[in-house]
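# Coordinates in review
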Amino acid sequence: MVGEAQRPESDTGPLDGLTVLDLSRVLVGPFCTMQLGDLGAEVIKVERPGDGDQTRTWVPPAFGEGEGAESAYYVSVNRNKRSIQLDLTTDEGRAVARDLAREADVLVENFRVGKTAEWGLDYGDLVDENPGLVYCGISGYGEWGPDRDKPAYDIMMQARGGFMSFTGVEGGPPVRIGVALADVGAGMYATQAILAALLERELGDGRGQKIDVSLLDGQAAWTSYMATNYFASGEAPGRMGSKHPNIAPYQAFETTDGYVVVACSSDRFWPPLCEALDRPDLLADERFETNEGRVRNREVLDRELSETFAAMTTGEATATLEEHDVPASRVRDVSEVFADPQIEARGMVAEADHPTAGTVTFPGSPMHFSRTPTTVRRHPPALGEHTETVLSEFGYDEDDVAALRRVGAIPDGDDGSASG
């Protein structure tokens, strides 16, 4: 049987009952904590009073209009969380954060290295009162090494981590991959590490541990076969457009009205490719008989295939390739991706009702479980939407909240009345 994960047995996620204290902002940390939230964890997002997470101001585009609008960028990584406003630059705000951390299973932060230690909120400051805490610090370069204190942004990491050296067309300028790959990649590694630490905690003696994830390390790891190609050959890979250094043909070819991508990933696809293109001469050519031969004679092969595809429309090319079971696709834009019946069937288009921005739409979770599914339980929260609610759950009464307001640890009027 297949497809058991299509209809899960329950509506409770695998991390149900776990609490995540999210001190992160922008992309890498929020992407990590969103995944934990999708998996059922209770995520408490701590935001600075006033503006909150920087991405709330990254507009346009936005969902909704006016003061109630919500940045599309912010929406992309903040579902399944509750938001509280808390000024960590104040003693009182940091005391509240320590109270929350005392009860949390996981803490995620992506401040500059040393900032949480300055605030008394580093792992060493919290572990005695919460030995089971899994603490994940995410930074540009990690907590040690000569560059630990330098600033880091995605485009810098794609350049410094090597990706821009082999992304782009041959002879052309370096190209940044369109999504912030360094942030998303480090966010994925952080999630993976947190889950491993939680498992070890349960299988071991109940203690948590400190996790250190960096954007640069993630980029270095993701160079993958490009790095091992260099280690094996001594030659650094360069820009090849859509081509693959180890497989041919495995690239985009221009047609009369667009592009078609062909993935001849093994020798078994070579005969049907030649048949689909009505090129028996290529099939008979001993230079192209094996993948090794096709890679070594890539320039000749590219020229021959490019001429053939240039005489076809994209529709003709994809139709004949699919008919002959050759892996191929036209290049689609995002609007086409999320109109795809396969994407829809897999639940990869998700929505939530937002109290001020209306319906917000975002990619769903790609993790599917047969018993404990990922779910969208909460809309991306408005700034400070749950401040009072969360504080009351952690034992703060009305007088405590009023005192925090008087000293500016939380802002006035942050009533947290929406339940999310």
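Basis of the calculations
Residues numbered from 1 in each chain as written. Predicted model: local features only at pLDDT ≥ 70, side-chain atom pairs only at ≥ 80, totals over all residues. Heavy atoms only, no water. Helix = DSSP H or I, 4+ residues; strand = E, 2+ residues; numbered from the N terminus. Buried < 20%, exposed > 50% of the residue type's maximum accessible area, 1.4 Å probe, protein only. Pairing = 2+ DSSP bridges. Axes fitted to C-alpha atoms, helices over the stretch in contact; angles between N-to-C directions. Contact = heavy atoms within 4.5 Å. Phe/Tyr/Trp six-rings, centres within 6.5 Å; stacked < 30°, edge-to-face > 60°. Lys NZ or Arg CZ within 6 Å of the ring centre and 35° of its normal.

Under the annotation held in an unreviewed UniProt entry, the protein carries the name CaiB/BaiF CoA-transferase family protein and is attributed to Halorubrum ejinorense.

Turning our eyes to something else, we now look at unusual backbone geometry. Geometrically, the link from Pro60 to Pro61 is a cis peptide bond, its omega value of 0° lying close to zero. Note that Pro61 resides in the loop between β2 (42-47) and β3 (62-63). The omega torsion across Ala248 and Pro249 is -10°, close enough to zero to call that bond cis. Along the chain, Pro249 falls in the loop between α9 (224-233) and β9 (250-254). Even without a glycine there, the phi angle at Val26 is positive, about 75°.

Glancing now at the pairing of strand β7 (residues 134-139). Counting buried positions over the 6 residues of β7 gives 6, a clear majority of the element. Burial along β7 is two-sided: the residues Val134, Cys136 and Ile138 and Tyr135, Gly137 and Ser139 are all buried. Across 4 bridges, the pairing between strand β6 (residues 106-109) and β7 is parallel. Residue pairing across strands places Glu109 opposite Gly137, the latter belonging to β7. In this sheet, strand β8 (residues 210-214) lies alongside β7 in parallel orientation, the contact comprising 5 bridges. When the sheet's bridge partners are listed, Gly137 is paired in β8 with Asp212.

Below, the discussion takes up the sheet that holds β2. What the 6 strands build is an open sheet, ordered β5-β2-β1-β6-β7-β8; its pairing is parallel. Every other strand in the sheet has two partners, leaving β5 (81-85) and β8 as the edge strands with one partner each. Adjacent strand axes in the sheet meet at a mean angle of 20°, parallel and antiparallel pairs treated alike. Of the strands in this sheet, β6, β7 and β8 are in contact with helix α7 (residues 181-203), which crosses β8 at around 165°. Of the strands in this sheet, β7 and β8 are in contact with helix α8 (residues 215-222), which crosses β8 at around 65°.

Once that is clear, we can look at the sheet that holds strand β10 (residues 259-263). Pairing is antiparallel across the open sheet formed by 3 strands, whose spatial order is β9-β10-β11. Every other strand in the sheet has two partners, leaving β9 and β11 (328-330) as the edge strands with one partner each. Recorded for the sheet is a direction-independent mean angle of 20° between the axes of neighbouring strands. The pairing of β10 with β11 spans 3 bridges and is antiparallel. Paired with Val261 across the two strands is Ser329, which belongs to β11.

This part is about the packing of aromatic side chains. With the rule as written, the count across this model stands at 8 aromatic pairs. Arranged with centres 6.4 Å apart and planes meeting at 55°, the rings of Tyr189 and Trp222 form a pair that is tilted. Of the two residues, Tyr189 sits in helix α7 while Trp222 sits in helix α8, which places them 33 residues apart along the sequence. What makes Tyr189 partly exposed here is its relative accessible area of 28%. A centroid spacing of 5.4 Å and a plane angle of 50° characterise the contact between Tyr230 and Phe231, whose relative ring orientation is tilted. The aromatic ring of Tyr74 is capped on one face by Arg56, whose charged end is 4.0 Å from the ring centroid.

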